[in-house]
Amino acid sequence: MIAGGRVFVLPCIQQIQRITLNTLTLNVKSDKVYTRHGVPISVTGIAQVKIQGQNKEMLATACQMFMGKSEAEVSNIALETLEGHQRAIIAHLTVEEIYQDRKKFSEQVFKVASSDLVNMGIGVVSYTLKDVHDDQDYLNSLGKARTAQVQKDARIGEAQYKRDAVIREAQAMQEKVSAQYLNEIEMAKAQRDYELKKASYDYEVNTKKAESEMAYQLQVAKTKQRIEEETMQVKVVERSQQIMLQEQEITRKEMDRWLRRLRPLNSTGREPWWTCCWRNYHWSVTLGEGLVLLETGRVHG
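Quick summary incoming for the structure in this document. All chains use their own residue numbering, which begins from 1 and follows the written sequence. With pLDDT at 70 or above as the cut-off, local features in this predicted model cover only qualifying residues; side-chain atom pairs require 80 or more to be listed or tallied, and sums for whole chains, interfaces and linings still use all residues. Working from all heavy atoms in the structure, the side-chain values ignore hydrogens and water.

### Focus on the overall build of the protein
Piece 1. Of regular secondary structure, the protein possesses six helices and five strands.
Piece 2. Going along the chain from the N terminus, every DSSP run of H or I of four or more residues is numbered as a helix, and every run of E of two or more is numbered as a strand. Ordered by position from N to C terminus, the α and β elements of the protein give β-β-α-α-α-α-β-α-α-β-β.
Piece 3. In what follows, a contact means two residues having at least one pair of non-hydrogen atoms within 4.5 Å. Of the contacts made within the protein by residues no fewer than 6 positions apart, 64% connect residues no fewer than 24 positions apart.
Piece 4. With an accessible surface of roughly 22,600 Å², the protein has 55% of that area assigned to carbon and sulfur atoms. Here the Shrake-Rupley method, with its probe set to 1.4 Å, supplies the accessible areas, and only the displayed protein chains count as covering residues.

Here's what the structure looks like:
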C-alpha cells in the first residue's frame, strides 16, 4: 500500500489497484423531507470529503472498502451516506430551526456524517447548508409573518422612539429652564454680593472721608484757635507795653513835677548852675512808697 508514490509491478505475478485521494465535492440534496412538525422541505448542502492518505489505518480501511472502485462510485457512496444523515437531522428539527440557525444545522450534519464516514476511511473536510425551500409556501408565509412582525416591531419601535424623543425633549426643556433659573439665581446672588460689598466699601470710604474732613476741620479750628491765642498774646504784650509806657510816662511826668518843685531858683528866676550839673548824674528820689532811679540828661518842661 503506497500513498502517492511509484512501484515496479511484475507482470502476471503482481496486480495494481488504484484508489483516489483527491478531495471530492458532493452536492447533498434532500427533497421533500418532513420536519418535526410535518412540513415538507427541500434542503441542499455542499460537502467536501477526502480519503485520508496520511492516516495508515484510515487508508487501510478505505482500501478494504473502495479498492477497485472508481471515483464516481466512491463519491456516490459518500453522497448517499451524507444524504441519509442530512434527512435524519431534518426530521428532528423544525423549519424555523433549520432556516434561522443554518450554522447549527451544518454543525450537526458535519458531526454525525464525520463519525460515520470515518469508519469507511473517508474524512469530511467541510459541510455547508446551501439552500432551504419548500413547495407549500411555508417559508414564504413564515417570511411574511416575520416581515409583519418586523414591521409591527418597527412601528412600535418608531412610536416608542417618538415617545422617548418627546420625553427627552421635555426633559431637556425642563433642564434648560432649570439651568436658566439657576443661572438667574446665581446672577442675582452675584449682583447682591456686589451691591453689599460696594455698599460696605462706600460706607468705609465715606467714613474715612468724613473722618478726614472732620480731622481737617478740627485741625483748621485748632490752627485758628492757636492763631487767635497768639494774636491775643500779641495784643496782651502790646497792651502791657502800652501800659508800661503809660506808667513810665506818668512816672516821668510825676518826676518832672517833683523836680520842678525841688528846683531852687535864684533871684533872677533861673536855675542855679549847680542844680543843672547835678541833674546830669544819676540820682534817686522817693515818691510815695517806691524808689525811682532816674537816668536822664537835661530835663525840659
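### As for the pairing of strand β1 (residues 24-34)
Piece 1. Sheet topology note: the β1/strand β2 (residues 40-51) ladder contains nine bridges and is antiparallel. Bridge pairing in β2 places V33 opposite I41.
Piece 2. What sits between β1 and β2 in their antiparallel hairpin is a turn of five residues, with G38 showing a positive phi close to 80°. Pairing between strands is defined by DSSP: at least two bridges between the two strands are required.

### Considering the sheet that holds β2
Piece 1. Judged by pairing direction, the sheet is antiparallel, and its three strands sit side by side in the order β1-β2-β3 without closing on themselves. Single-partner strands in this sheet number two, and they are β1 and β3 (122-133). Pairs of neighbouring strands in the sheet enclose a mean axial angle of 20°, with direction left out of account.
Piece 2. Together, β2 and β3 form the strand contacts of helix α4 (residues 102-117), whose direction differs from that of β3 by roughly 145°. Fitting a line to C-alpha atoms yields each axis, with helices limited to the stretch in contact; the angle taken between N-to-C directions then spans 0 to 180 degrees.

### Notes on the packing of helix α2 (residues 71-91) against α4
Piece 1. Interhelical geometry of α2 versus α4 gives an angle of 135° and a closest axis separation of 9 Å. Judged by the angle between their axes, α2 and α4 are oblique. Here the hand of the crossing between α2 and α4 comes out right-handed. Contacts from A78, T81, L82, H85, Q86, I89 and I90 of α2 reach α4 at F105, Q108, V109, V112, A113, D116 and L117.
Piece 2. Here the contact of α2 with α4 is built from residues that sort into nine nonpolar, four polar and one charged. Put simply, angles under 35 degrees are roughly parallel, angles over 145 are roughly antiparallel, angles from 65 to 115 are roughly perpendicular, and the rest are oblique. Definitions for this section: a left-handed crossing has its near helix turned counterclockwise from the far helix by less than a right angle. A right-handed crossing has that turn clockwise. Each residue is assigned to one class: nonpolar for Ala, Val, Leu, Ile, Met, Phe, Trp, Tyr, Cys and Pro, charged for Asp, Glu, Lys and Arg, and polar for all the others, Gly among them.

### Focus: the nonpolar core
Piece 1. Only buried residues count toward a nonpolar core, which is a set of Ala, Val, Leu, Ile, Met, Phe, Trp, Tyr and Cys residues joined through side-chain atoms within 4.5 Å. Buried residues are those whose accessible area, probed at 1.4 Å on protein chains only, stays under 20% of the maximum for their type, while exposed residues exceed 50% and partly exposed ones sit between those limits. Grouped together as the largest cluster of nonpolar side chains are 33 residues, with contacts concentrated most on L26, I41, V49, L82, I98, F105 and I122.
Piece 2. Secondary structure elements with two or more residues in this core: β1, β2, α1 (56-66), α2, α3 (95-100), α4 and β3.
Piece 3. Apart from residues no more than four positions distant in its own chain, I98 is found in contact with T35, I41, I90, L93, F105, L129 and V132.

### Observations regarding the side chain of S106
Piece 1. Here S106 lies in helix α4.
Piece 2. Ignoring any residue separated from it by four or fewer positions in sequence, one finds S106 in contact with Y127, T128 and L129.

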